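The primary structure of each chain is shown beneath.
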Amino acid sequence: LDFDFIEGTPSREVISIENLYQGSWSFNNAADFNATNFPTKSVNINAAAEGVKLRMTPTGHGFDNSINAAEFYAVDYNVKLNGAQVYEQTVWRDDCGENPIYPEDESSGNYIHTWLLDRANWCPGLRAFTYEHDLDVSAGRAVDINIAFDDYTWTGPQTPSYIVTSQVVQYGAINFSTDAELIDIIAPNKEKKHQRVNPVCKNPRIVIRNRGSSTLSSLKIKYGVEGYTSHTYSWTGSLEFLETDTLDLYYIDFTGAQQNPVFFAELEAPNGAADEYPQNNIMRSHFELPPSYPSNFCIWFYTNASGSESSYEITDGDGVALFSRDSMDSYTYYKDTFNLDTGCYILKIYDSGEDGLDWYFNNDGTGSVKIRNLEGSPLFLHSFNANFGSSITHYFTVGYTVGIDAVSDLEQWIDVFPNPFSKQVNITFNNPQSEQHCLSLYNMMGHKLREINDITANRIALDREELHSGIYFVVIEGRAQRLRAKLIIN
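Residues numbered from 1 in each chain as written. Predicted model: local features only at pLDDT ≥ 70, side-chain atom pairs only at ≥ 80, totals over all residues. Heavy atoms only, no water.

Caption draft 1: Summary view of the packing of aromatic side chains. Scanning all chains against the criterion turns up 29 aromatic pairs. With a centroid separation of 6.5 Å and an interplanar angle of 50 degrees, the aromatic rings of Y223 and F263 are classed as tilted. Here the residue Y223 occupies a position in strand β11 (residues 216–225), and F263 occupies one in strand β14 (residues 262–268), the gap between them amounting to 40 residues. The residues Y223 and F263 share a single accessibility class, namely buried. Ring geometry for F301 versus Y312: centroids 5.7 Å apart, planes at 15 degrees, classification stacked. Of this pair, F301 sits in strand β17 (residues 296–302) while Y312 sits in strand β18 (residues 310–316), and the two are 11 residues apart along the sequence. The pair formed by F301 and Y312 is uniform in burial state, with each residue classed as buried. One aromatic cluster in this structure is built from Y21, W25, F27, F33, F38, Y73, Y77, Y131, F149, Y152 and Y162. Over the aromatic face of Y171 sits the side chain of R12, whose NZ or CZ is 3.7 Å from the ring centroid. For the cation-ring pair, K335 lies above W300, with the distance from its terminal atom to the ring centre recorded as 4.1 Å. (Phe/Tyr/Trp six-rings, centres within 6.5 Å; stacked < 30°, edge-to-face > 60°. Helix = DSSP H or I, 4+ residues; strand = E, 2+ residues; numbered from the N terminus. Buried < 20%, exposed > 50% of the residue type's maximum accessible area, 1.4 Å probe, protein only. Lys NZ or Arg CZ within 6 Å of the ring centre and 35° of its normal.)

Here it is, written out as structure tokens:
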């Protein structure tokens, strides 16, 4: 558990925080539960208050009864102001199968077998949601606040219970008119909370928020790998005060420094003006590079007893599906062979039952997913943990680690000879109109090493010069085509 103490000016001043309801209580029936634990509270609203918020953090516990309440039972609570209902909220968390705190570490003895089951507003290892309700009240007057949980009937030896903390927060005026805030870098990032979608080889993903009173409608985002060329993304939209948006930025070269690379993103020119509070405009994240596989490999997918729940697909870095398999039989091996061009790819594995291919609690048995090497050793390039819950997202590259765009359809019209070579290689390509082309040479990390412009012939000789032995990629670009080939220096 980390506490971050942030020096600076908040989005709006906090006038008061008042604990409203706090405790751990048994639930026999709604009438008794609500009357005993949620009596009507009268709250005096400060004359200077320009915003009032009710915060509720409830979690349900206990399940040895007829309806598995309260831990595995969804219930609604209602918020009333002066006797009139203004909000209804379901106490439930429906994404535990995507919990980033996985897989279970049984060797430590500290694990929960049921980590992937959805619960009453909590998942093992994750914080509970705090539901926030803006209250439409008048400054300088008192308001009656009441919470009421819906009724349900249960029987059995274990009484359902709830842990609830609740506060009323009163705020002063918003401190800034124009204030864009960067609140998270989802990818690339090696923090545990984002491990389900990392490491990546394509688009960075960030979360922005409007902390100003004016609607945020446009923004410039500068981003990249520290020490390398930065890029700019232009965002347009409509965010009101404290509203957020998750952005997938344009593709960049993620390689950066090979030792502990750092990604950065910085917000600029909100609504075309200067940001009144730039202290929250920049974030950095340490990240890892995705695995790089040979072009030829095989997916070995062995289903468990619920084969129909399993499916998988391979897409390119832009999410365009290249292959998919579903409707699989139980206890069956599926071996699909792939020969992919140089590029960034995503393998997505799904389980519609949200219990993966191996879970102790059901009778589905154990399945497996492995990436089989077809070009030498090791025998398997990757083996996935079968206890994955709902899904797996696995980025990988072919032909290089990261940094070069997808292969052109015209690659068949480029030829290199000899290859491998030791001193000089001849590159011939399709250029019947003698148009100008540019040649770029990259290493496996996607770093550009050479550039030759204004090529009008259809053949060029490339000397080895200072290049070390290894694998490189040559890219030839013209007005109407982009060609690529792999070079091997021995």
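Caption draft 2: Local environment of the side chain of N189. Note that N189 resides in the loop between β9 (180–187) and β10 (205–210). Since its relative accessible area comes to 7%, N189 is described here as buried. One polar contact links the side chain of N189 to the main-chain amide nitrogen of E191, over a distance of 2.9 Å. Each residue touching N189, except ones within four places of it in the same chain, is listed here: H194, N198, S285, H286 and F287. (Polar contact = N/O pair within 3.5 Å; in protein donor to acceptor, adjacent residues only side chain to side chain. Contact = heavy atoms within 4.5 Å.)

Caption draft 3: View of the sheet that holds strand β15 (residues 282–286). An order of β12-β11-β14-β15 is seen for the 4 strands of this open sheet, with the pairing classed as antiparallel. Of all strands in the sheet, those with a lone pairing partner are β12 (231–239) and β15, marking the two edges. Ignoring which end each strand starts from, the neighbouring axes of this sheet average 20 degrees apart. In the sheet, β11 pairs with β12 via 7 bridges, with the strands oriented antiparallel. Bridged to K220 within β12 is S234. (Pairing = 2+ DSSP bridges. Axes fitted to C-alpha atoms, helices over the stretch in contact; angles between N-to-C directions.)

Caption draft 4: Fine view of the pairing of β18. Counting buried residues along β18, 7 of its 7 residues qualify, which places the element largely inside the surrounding structure. Taking every second residue as pointing to the same face, both faces of β18 are buried, with S310, Y312, I314 and D316 on one and S311, E313 and T315 on the other. Across 7 bridges, the pairing between β18 and strand β21 (residues 343–351) is antiparallel. When the sheet's bridge partners are listed, Y312 is paired in β21 with I349. Taken together, the 4 bridges between β18 and strand β19 (residues 321–325) define a ladder with antiparallel strand orientation. Of the residues in β19, the one forming a bridge with T315 is A321. The antiparallel pairing of β18 with β19 creates a hairpin that spans 4 residues between the two strands, and G319 there sits at a positive phi of about 85 degrees.

Caption draft 5: Representation of the environment of W122. With respect to the helices and strands, W122 occurs in the loop between β5 (84–91) and β6 (131–134). A residue is classified by how much of its surface remains accessible, and W122, at 18% relative accessible area, is buried. The spacing of W122 and N203 is 81 residues in sequence and 30 Å in space, taken between C-alpha atoms. Residue contacts for W122: discarding those within four places in its chain leaves T59, G60, H61, E71, R93 and C96. A polar contact is formed between the side chain of W122 and the backbone oxygen of G60, at a distance of 3.0 Å.

Caption draft 6: A look at the layout of surface pockets. Each pocket or cavity is described by its volume, and for the second largest pocket that value is around 430 Å³. Around the second largest pocket, the lining comprises 20 residues; the ones closest to its centre are Y102, Q195, N198, P199 and T393. With 4 residues, the single largest contributor to the lining of the second largest pocket is strand β24 (residues 391–398). Its residues assigned to classes, the lining of the second largest pocket shows 8 nonpolar, 7 polar and 5 charged. (1 Å grid on protein atoms, 1.4 Å probe; cavity = no way out; pocket = protein on both sides within 12 Å on 5 of 7 lines; lining within 4 Å. Points joined across faces, edges and corners; volume = space filled by probe spheres on them. Nonpolar A, V, L, I, M, F, W, Y, C, P; charged D, E, K, R; others polar.)

Caption draft 7: Inspection of the pairing of strand β29 (residues 459–463) at higher detail. Only one face of β29 is buried, namely the one carrying I460 and L462, since none of R459, A461 and D463 on the opposite face is buried. Bridging between strand β26 (residues 424–429) and β29 involves 5 bridges; their strand directions are antiparallel. Among the inter-strand pairings, N426 is bridged to a residue of β29, identified as A461.

Caption draft 8: Looking closely at the state of the cysteines. In the structure shown here, the tally under the stated rule is 2 disulfides. The disulfide partner of C96 is C123, and the gap between their sulfur atoms is 2.0 Å. Measuring handedness by torsion sign, the sulfur bridge of C96 and C123 sits at about -90 degrees and is left-handed. With C96 in the loop between β5 and β6 and C123 in the loop between β5 and β6, this pair connects stretches of sequence that are 27 residues apart. The pair formed by C96 and C123 is uniform in burial state, with each residue classed as buried. Each disulfide pairs two cysteine sulfurs, and for C201 the partner residue is C344, the sulfurs being separated by 2.1 Å. Across the S-S bond of C201 and C344 the torsion is about 75 degrees, and the bridge reads as right-handed. With a gap of 143 residues between them, C201 in the loop between β9 and β10 and C344 in strand β21 connect regions that are remote in the sequence. The residues C201 and C344 share a single accessibility class, namely buried. Taken in sequence order, the bonded cysteines of the protein chain link in the pattern 1-2, 3-4. (Disulfide = S-S within 2.5 Å.)

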